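# Structural description and commentary
Residue-level listing of the chains:
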Amino acid sequence: MTEHHQIYRFFPFVAWLKGYDRTKLRRDLGAGSTVAVVLIPQAMAYAMLAGLPPVYGLYAAVVAPLLASMWGSLQQLSTGPIAILSLLVLTTLSPLAEPGTVRYIELALLLSFMVGILYLVIGIFRLGAVMSFISHSTVRGFTSAAALIICSTQIPSLLGIKVQGHEYLFPMLYDIVKGLSATHIPTLVIGLLAFATIFVAKKYRATFPGGLIALILTTIPLVLFEWHERGIAVIGPTPAGLPHFQVPSLDFNTMGVLLGPAIVVALVSFAETYSVGKAISAGTKQKVDVNQEFIGQGLANLLGSFFQSYPVSGSFSRTAINFTSGAKTWVSSVAATLGVIIALLFLTPFIAYIPKAALSALVISAVMLLFNPGQVFSLWKKNRHDGIVAFTVFALALLTKPDYALLIGVVLSLVLFLWKTMHPRIVRITKDPELNMFLNADVYRKPNCPQILELRPDNCIFFGNAEYTMEQLLNRLDEQKTPIKFLLLDFESIAFIDISGVDELFGLLEELKEKKIELAFLYVHLPVKKVLESTNFLYVVGEDRVLEKMGDAIAYLFARLDHDYCRKVCPYKLFQECSTVK
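In this report, we go over the structure that sits alongside the text. (Residues numbered from 1 in each chain as written. Predicted model: local features only at pLDDT ≥ 70, side-chain atom pairs only at ≥ 80, totals over all residues. Heavy atoms only, no water.)

### What about the overall build of the chain?
Within the chain one finds 27 helices and 8 strands. For 582 residues, the compact-globule formula gives about 25 Å, and the C-alpha radius of gyration of the chain, at 31 Å, lies well above that figure. Considered along the principal axes of its C-alpha atoms, the chain spans approximately 105 × 65 × 50 Å. Counting over 582 residues, the chain shows a buried share of 53%. (Helix = DSSP H or I, 4+ residues; strand = E, 2+ residues; numbered from the N terminus. Rg over C-alpha atoms; globule rule 2.2 N^0.38 Å. Buried < 20%, exposed > 50% of the residue type's maximum accessible area, 1.4 Å probe, protein only.)

Here it is, written out as C-alpha cells:
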C-alpha cells in the first residue's frame, strides 16, 4: 500500500480536496452558510426537546458535524442534533435525573461518549451489517409515533402552561388537557406567529430559513417591549463562548445502566443517518460505505462528548438543504460550523430573549413531516408481516417508552422473518403443453403428470425448517390420487442446506422407498451439491438422479415410467415424449 493510500485511509477527507478549486469553495461556503441559518435555531430547539439548555444544541453543532463530515463517506451529509434522537435522550435520561440539571447534562455527555464507542467498534471491525436488523417497517412505525410524542412534549411550552414530566404519552396528554384553562394567551400568540412565519416561508421556498426568521420576528418584540416581563418564557441567560474541553464523567455503574439505552440510541441514530445517506447518494452517485460512516459518526459522538455535545446524527432536512444548495465537499460543514461559532461568540445576548414558544413551534413544524400514519397502514396492504411490525411499533411507542418499542420492533421483525423461513412454500410445477412452458400448477390449476410429481421448496433448508419442509413434501405427495413413480425435487430456490436438512432428506428417502417412489433432483446449486456429496447422500440416491436441465430430467424420468399406464389410463399429453407411446 502506497504512502498516499495510507494517508487517504486514515484521513479520507484529504482525498476529497484533490482538484479542489475556487468554484467548489464558493459553492461550499454558500451551502454551509445556508445550512447554518437552519442549524442554529434547530439545534437550540432540539436541545430544549432533549431536556438540555438550548446552548447545548449549539455546542453539539460545533465539533461533531465537522468530524462526521471529514471521516464519513458522504461529503454532503449534515450531522448535528435531530428531533428523534433528542426525544430518545429525554426519555432515556429523565428517569435518572431532572432535565436541565448538572447531573442530567453529565448523563447526556456520557451517553454521547458511549454511542461513539459503539459506532467506532462497529466501524473499525466492519460490522456495519448490523444495520440490516432494523427493518424499514420498524423505522416507519417508530418515526410516526415519535412525531406525536415530540409534539406532545412541546405543547406545554407553546401554551405557556406547566405540566409534570411523564415517561409516557397519555398521562402527559391528560395533564395538558387539564391545564388548558391556564393557557397563557400572549405565549400562545407568540407560538402561533412563529408557526405562521414558518408556514409562509416554506410556501415561498422550501430552503428558505423560516425557522430563523420566526425566531427573529418573535424575539424582537420581546426585547423592545419587554414582554418577557409579562410571563412569556424565554431561554434566559446563555453563556457566551465556545464549548470547553471536558472529560465525560466515566462512572462504570452509570455506564452499565446506560448501555441498553445507548444501543437503542445508536441504532436509531444510524438508521436516520443511513436513510439520509442512501437518499443523497442516489443524487450524488457516491457510494455509501456503511463502516466508514460508522467511523465518522463514532468520532463525532465520541470526541464531541469531550466538547459538551450530546448524541448527534445525520439530519435529513439539513442534508437536503446542503445538497440542493450546491455543497461539493466537507468544507460546507466547516462553513456551517463557523456560523455556529459566530452565534456562540457574538449572539448569545440576543439568544437569551428567544421565546420558548417559538422554539416549540419550530420543533413541531419540523417533526410533523415525520408523522405519516398512512405509510404504516399501507404496509398492512402491501405485506402483512411488515404491517404487523409497523403497527406494533407505532402502538407500543405511544403506550410505552419509544426505545422499548424500537427494540420490540427489531425482535418482532426477526421473529416474523424466522417464522416465514421456517414455513417455506412448496410449489407444484407442471408443463402447460399449449404454452410449452413449465409453471406453477396450483396457481394456474393445471394437472401434473400422473406418474411424476415435481415440487419446488421456496427457501433454503436448514435446522429450523427441515422437518417441516419434508412433512409438507410428503403431504403434497399424499394429495396425489394417481400412481406416482417419481418425486422430482426442484432445488432452484435452495441456495443452502445444512446437516439437519440432509438428515431429513435421508428420512424422506426412506419414506419414499416404503411407498415405492423414487427420488430425483433438478437445478441443484454447486454449494448444495457439495454438501450432499460430503454426506454421501448423492451416493445413496444415485448421482445420475441429479439433473441440470429440465428437458434432460423429463427425458430421463419418462424413460422409466409405466408406458402401459401412459397409453391406457393417462388422459394428458404434457411432454413431447408422450406422443412416442400414445
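### Some thoughts on the packing of aromatic side chains
The full count for this structure, using the stated rule, is 12 aromatic pairs. Consider the rings of Y56 and Y59, whose centres lie 5.1 Å apart with planes at 75°: the pair is edge-to-face. In this pair, Y56 and Y59 are both assigned in helix α4 (residues 55-59), 3 residues apart and thus about one turn of the helix distant. As far as the burial class goes, Y56 and Y59 line up, both buried. Ring geometry for F521 versus F537: centroids 5.8 Å apart, planes at 80°, classification edge-to-face. Here F537 lies in helix α25 (residues 537-541) and F521 lies in strand β7 (residues 518-522), a separation of 16 residues in the sequence. (Phe/Tyr/Trp six-rings, centres within 6.5 Å; stacked < 30°, edge-to-face > 60°.)

### Re the packing of helix α19 (residues 384-399) against helix α20 (residues 402-422)
Where α19 meets α20, the closest approach of the two axes is 8 Å, and the angle between their N-to-C directions is 160°. It follows from the interaxial angle that α19 and α20 lie roughly antiparallel. Note on packing geometry: the crossing formed by α19 with α20 is right-handed. Contacts between α19 and α20 involve H385, I388, V389, T392, V393, L396 and A397 from the first element and P402, A405, I408, G409, L412, S413, L416, W419 and K420 from the second. (Axes fitted to C-alpha atoms, helices over the stretch in contact; angles between N-to-C directions. Parallel < 35°, antiparallel > 145°, perpendicular 65-115°, else oblique. Left-handed = near helix turned anticlockwise from the far one by under 90°. Contact = heavy atoms within 4.5 Å.)

### Considering the packing of helix α3 (residues 22-49) against helix α15 (residues 331-346)
The contact between α3 and α15 brings their axes to 7 Å, and the two run at 45°. When the axis of α3 is compared with that of α15, the two are oblique. Between α3 and α15 the crossing geometry is right-handed. Only V331, S332, A335, A336, G339, V340 and A343 of α15 make contact with α3, whose side of the interface consists of L25, D28, L29, A31, G32, S33, V35, A36, L39 and I40. Taken together, the residues of the contact of α3 with α15 sort by class into 12 nonpolar, 4 polar and 1 charged. (Nonpolar A, V, L, I, M, F, W, Y, C, P; charged D, E, K, R; others polar.)

### Focus: the sheet that holds strand β5 (residues 452-457)
Two pairing modes exist for strands in a sheet, parallel and antiparallel, and in both the strands are linked by backbone hydrogen bonds. One open sheet accounts for 6 strands, arranged β4-β3-β5-β6-β7-β8; its pairing is mixed. Looking along the sheet, the strands with just one partner apiece sit at the ends: β4 (437-440) and β8 (546-547). In terms of strand pairing, strand β3 (residues 426-432) meets β4 through 4 bridges, oriented antiparallel. For T430, the partnering residue across the bridge sits in β4 and is L439. In the packing of helix α22 (residues 466-478) onto the sheet, contacts are made with β3, β5 and β6 (486-490), and the angle to β5 comes to roughly 150°. (Pairing = 2+ DSSP bridges.)

### Quick look at the layout of surface pockets
There is about 1200 Å³ of room inside the second largest pocket. Forming the boundary of the second largest pocket are 41 residues, of which P99, T153, S157, V163 and G165 lie nearest the centre. For the lining of the second largest pocket, the secondary-structure elements that each account for two or more residues are α3, α6 (83-93), α8 (136-159), α9 (169-178) and α17 (356-367). Broken down by element, the lining of the second largest pocket gets its largest block of residues, 6 residues, from α8. Split into classes, the residues belonging to the lining of the second largest pocket amount to 21 nonpolar, 16 polar and 4 charged. (1 Å grid on protein atoms, 1.4 Å probe; cavity = no way out; pocket = protein on both sides within 12 Å on 5 of 7 lines; lining within 4 Å. Points joined across faces, edges and corners; volume = space filled by probe spheres on them.)

### Concerning the pairing of β3
Here β3 lies mainly inside the structure; 7 of its 7 residues are buried. Along β3, one buried face is formed by I426, R428, T430 and D432 and the opposite face, lined by V427, I429 and K431, is buried too. Counting the residues in the hairpin turn of β3 and β4 gives 4 residues, including N436, whose phi is positive at 55°.

### Some points on the pattern of salt bridges
With the rule as written, the count across this model stands at 10 salt bridges. For R428, the salt bridge identified is with D442, shortest N-O distance 3.2 Å. A residue pair is termed long-range when its members are at least 10 positions apart, and R428 in strand β3 and D442 in helix α21 (residues 441-444) qualify at 14 residues. Under the relative-accessibility criterion, R428 is labelled buried at 11%. (Salt bridge = Lys/Arg side-chain N within 4 Å of Asp/Glu carboxyl O.)

### Considerations on the state of the cysteines
Throughout this description, disulfide means a covalent bond between two cysteine sulfur atoms. One pass over the full model with this rule turns up 0 disulfides. Free cysteine C566: the closest other cysteine sulfur is in C570, separated by 5.9 Å. C566 sits in the buried class, given a relative accessible area of 7%. (Disulfide = S-S within 2.5 Å.)

### Topic: a nonpolar patch on the surface
Together, I216, I220, L224, F225, L242, I342, L345, F346, L347 and F350 make up an exposed nonpolar region whose accessible area comes to about 940 Å². Taken together, the elements giving at least two residues each to the nonpolar patch come down to α11 (210-225) and α15. Ranked by the residues each element gives to the nonpolar patch, the list is headed by α11, at 4 residues. (Patch = residues over 30% accessible without salt bridge, like charges linked within 9 Å, V, L, I, M, F, W, Y side chains within 5 Å. Areas by Shrake-Rupley, 256 points an atom, 1.4 Å probe, with all protein chains shown as cover.)

### Examining helix α23 (residues 499-514)
Helix length check: α23 (16 residues) gives 23 Å between terminal C-alpha atoms against 22 Å at 1.5 Å per residue, within 8%. For α23, the set of buried residues is G501, V502, L505, L508, L509 and L512. What you see down the axis of α23 is that its buried residues fit within an arc of 110°, all on one side. Those residues of α23 that are exposed and aimed more than 90 degrees away from the buried face are I499 and E514. Residues of α23 that are buried in the fold lie against α22, β6, β7, α24 (526-534) and α25. Its side-chain oxygen placed 3.2 Å from the backbone nitrogen of S500, D498 serves as the N-cap of α23. Positioned one or two residues after α23, K516 has a phi angle of 60°, which is positive. (Expected span 1.5 Å × (residues − 1). Arc of directions from axis to C-beta. Polar contact = N/O pair within 3.5 Å; in protein donor to acceptor, adjacent residues only side chain to side chain.)

### Focus on the environment of E548
Examined against the element boundaries, E548 turns out to sit in the loop between β8 and α26 (550-558). Residue classification places E548 among the exposed residues on the basis of a relative accessible area of 63%. Along the primary structure E548 and L66 are separated by 482 residues, whereas in three dimensions their C-alpha atoms are 56 Å apart. In this view, E548 contacts L522 and Y523; residues no more than four positions away in its chain are not counted.

### Examining the nonpolar core
For soluble globular proteins, the rule of thumb is that nonpolar side chains tend to be buried together. Ranked by size, the top nonpolar core spans 111 residues in total, and within it M44, L52, L58, F142, Y310, V340 and L359 carry the most contacts. In terms of residue count, the dominant contributor to this core is helix α7 (residues 102-124) (13 residues). (Core = buried A, V, L, I, M, F, W, Y, C linked by side-chain atoms within 4.5 Å.)

### Observations regarding the pairing of β6
Judged by how many residues are buried, β6 sits mostly within the fold: 5 of 5 residues are covered. Burial along β6 is two-sided: F486, L488 and D490 and L487 and L489, pointing in opposite directions, are all buried. By the bridge criterion, 4 bridges tie β5 to β6 in an arrangement that is parallel. By the bridge assignment, L453 is partnered in β6 with L487. Where the polypeptide runs from β5 across α22 and back to β6, its parallel neighbour, the crossover connection is right-handed. Between the parallel pair β6 and β7, the chain is carried across by α23, and the sense of this crossover is right-handed. (Right-handed = clockwise from strand over helix to strand, strands pointing away.)

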